[in-house]
Amino acid sequence: MQLLDKYISLSRQGEAVWISDVREGFAALAWTKPMKLRLCCLDGGEREYLCPVPAWETQEQRSFILEYLKAGVFNVLSCYSGRSLHICLNMGDRELRELAEDCLASFRKEPGLKKVLNIAGRLCRSLGLPDFEMGLESLEGQGPAPGAKAQAEESLGTKLRRAVEDCSRGAFCGIDVGGTDIKLALALDGKLLAVKEYDWNPGSSPVAEGLIRPILLLAGLMQARLAAEALPEDSRERRLMERALEKNASHEQMEKAIKACSGNEPPRFSGIGLSFPDVVIHNRILGGETPKTKGMRENRELDYEEEFSKLSCLGGELEKLCLSGGRVEIVNDGPMAAFSAAAELAWGGEDVRKGIVAHSLGTDLGSGWIKGSGEIPDIPLELYDLLVDLGSEKWRAYPAEDLRSVKNENSGLPGLRRYLGQAAAYRMAWQLEPELLKGFTEEKNGLLEICVSPRDLRKPCLEHLMQAAAEGDGAAREIFRRVGRNLAQMTREMEHLLDTGAGSRYLFGRFVKESACFRLIREGFKELLPDMELRAADDSLALTPLMAQLAEREDVTVAQFAQAVGAIYFSAFDRG
């Protein structure tokens, strides 16, 4: 019982208690009760996860073990979702059975845990499958889970190089949707014509139209930019377009440029690639539990399921901008990061046969995995929600809306969003040196928050912290080292869940933009995983023709727009 008491004591002190350490600690004990989680995946395959449980003596010890079991179930479903999940155990062990029953009951009662059930329900309905179910099963008589499917004969490298080559002919648009901005890239016959950045706050919109309309407006702007290529460079229309492509251009300015340049029959795209920060299965946005739809979820004047379903039609709206036979390919931002890294590496001649794992680190954490076969698994991979810290009791006491909390706003649980990404940087800044946040925060109704009105200071605050770290501020530097350590903890849990076999991780997003910050992240990462390589998706990864042109631009960086350019190639990628 000493091990359990140690974990409980650390949590009381406000320290993190990492789930990988707990699992390994329990497995190393001389005697534990056997238990495993058995998942039936969306594709009908099965996966199993051992979940050793020690004996307990006190109610507090039992409560900690229950949290450990709940986190294990939640993480499996956040990663895979599925058709069903069963906790397998000795059904004759009354205490253990009651523990497992309490775990399952928690998923029906606690809104944060219910999030993964909501997603599983939407996915099963959308795929025409029976309702998702959870339950208990006996360990007796169970064989091993079915083995992995055979990989396709054509290599990942071959598929990637063909996608890059196919984008050298025709017009393509790449769209990278984030939590605080949208980035776009436009290419025509292998030339990078334009990039565009647009700031937004999707979580504040009470209706789906507030998310759909800006994306379609920006795609229409890229289409109009294609049309403008045939106009004289010194024309009024081209000047209007250049102004509309600026970051701070208003909707009115963009609409004016579209009207001026498009003509009666605007040119159409050969392909559009869209990176979207939500669960995407079979080209449809289906999750509905992210911060981006917070305003819709809280709008009591509409049916959320009906309103959210409108997002699944976004691909069809974008298809209207394409040629007959043109493709619109949509994927989560994490897999887009993995694909973008893989495309550059393959074009540069590197071996990608083990597949690629990549993360997009900015407003949130996006995680992606592309297998060596070229398959991008059709699973949620919502790793930013993973419950990796079973401790930090002191910081769990704050409401999720408070920047000091370890709880994710969309789930109310202590998820990875508060350990990696923008919100994590704010939280750790306050813990290490509150003065770092001076001028960026406000307190309302007892909640400490980053100001979003009259001016949204979330991105400026992160830029301030990054600049302070680059200039040598000790507390700011420690923020990014901690981000690296937390990324390593996430990697440990990811490998437990997926067993990718990939020896490197590629990092995209604003945290890579400042090289000094990335070096600090890598330092922290290496402290826990010294044998795994962490690489930045920066100019060194700009190897394909379009990415090389992006690297040559002086107004933007590869770290900023790599996924928008990668989305162009993704629109031509054969996922079969």
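Since we're looking at a predicted model, the values are computed, not measured.

Chemist: Sorry, what's going on with unusual backbone geometry here?
Modeler: Both trends apply: most residues other than glycine have a negative phi, and most peptide bonds are in trans. Cis peptide bonds are those with omega within 30 degrees of zero, and the linkage from Ser 453 to Pro 454 qualifies with 5 degrees. By the element assignment, Pro 454 lies in the loop between strand S15 (447-450) and helix H16 (458-470). Unlike most non-glycine residues, Ser 392 shows phi in positive territory, near 55 degrees. Under the relative-accessibility criterion, Ser 392 is labelled buried at 4%.

Chemist: Could you clarify how one ought to interpret the sheet that holds strand S5 (residues 171-177) in this entry?
Modeler: The strands that make up a sheet pair up through hydrogen bonds in the backbone, lying either parallel or antiparallel. Overall, mixed pairing links the five strands, which are arranged S7-S6-S5-S8-S11 in an open sheet. Edge positions in the sheet fall to strand S7 (191-199) and strand S11 (322-332), since each of these pairs with one other strand and no more. When the angles between neighbouring strand axes are averaged without regard to direction, this sheet yields 10 degrees. Where strand S6 (residues 181-188) lies against S7, eight bridges are found, and the strand directions are antiparallel. Following the sheet pairing, Lys 183 is matched in S7 by Glu 197.

Chemist: In this structure, what is going on with the environment of Glu 165? I would like to understand it.
Modeler: With respect to the helices and strands, the residue Glu 165 is situated in helix H6 (residues 156-166). Given a relative accessible area of 41%, Glu 165 falls into the partly exposed group. With 404 residues separating them in the primary sequence, Glu 165 and Tyr 569 have C-alpha atoms 8.8 Å apart.

Chemist: Is there a simple way to think about H6 in this case?
Modeler: Residues spaced three or four apart along an α-helix face the same direction, because each turn holds 3.6 residues. Buried within H6 we find Leu 156, Gly 157, Lys 159, Leu 160, Ala 163 and Val 164. When H6 is viewed along its axis, its buried side chains cluster within an angular range of 165 degrees and face the same direction. Residues of H6 that are buried in the fold lie against helix H13 (333-347), strand S13 (365-370), helix H20 (545-552) and helix H21 (558-570).

Chemist: Can you help me understand helix H8 (residues 236-244) in this one?
Modeler: Looking at H8, one finds that the buried residues are Arg 238, Leu 240, Met 241 and Ala 244. Seen along its axis, H8 keeps its buried residues to an arc of 160 degrees; they face one direction. Those residues of H8 that are buried lie in contact with S7, helix H7 (209-228) and helix H9 (251-262).

Chemist: What should I look at first to understand the packing of H20 against H21 in this one?
Modeler: When two helices pack together, their arrangement is given by the angle between their axes and by how far apart the axes lie. For the pair H20 and H21, interaxial distance at closest approach is 10 Å and the crossing angle is 155 degrees. The angle between the axes of H20 and H21 places the two elements in the roughly antiparallel class. For the crossing formed where H20 meets H21, the hand is right-handed. Packed against H20, whose contacting residues are Pro 545, Leu 546, Met 547, Leu 550 and Ala 551, the element H21 presents Val 558, Phe 561, Ala 562, Val 565, Gly 566, Ile 568 and Tyr 569 at the interface. Partitioning the contact of H20 with H21 into residue classes produces 11 nonpolar, one polar and no charged.

Each value, and the rule that gives it
- Residues numbered from 1 in each chain as written.
- Predicted model: local features only at pLDDT ≥ 70, side-chain atom pairs only at ≥ 80, totals over all residues.
- Heavy atoms only, no water.
- Helix = DSSP H or I, 4+ residues; strand = E, 2+ residues; numbered from the N terminus.
- Buried < 20%, exposed > 50% of the residue type's maximum accessible area, 1.4 Å probe, protein only.
- Pairing = 2+ DSSP bridges.
- Axes fitted to C-alpha atoms, helices over the stretch in contact; angles between N-to-C directions.
- Arc of directions from axis to C-beta.
- Contact = heavy atoms within 4.5 Å.
- Parallel < 35°, antiparallel > 145°, perpendicular 65-115°, else oblique.
- Left-handed = near helix turned anticlockwise from the far one by under 90°.
- Nonpolar A, V, L, I, M, F, W, Y, C, P; charged D, E, K, R; others polar.

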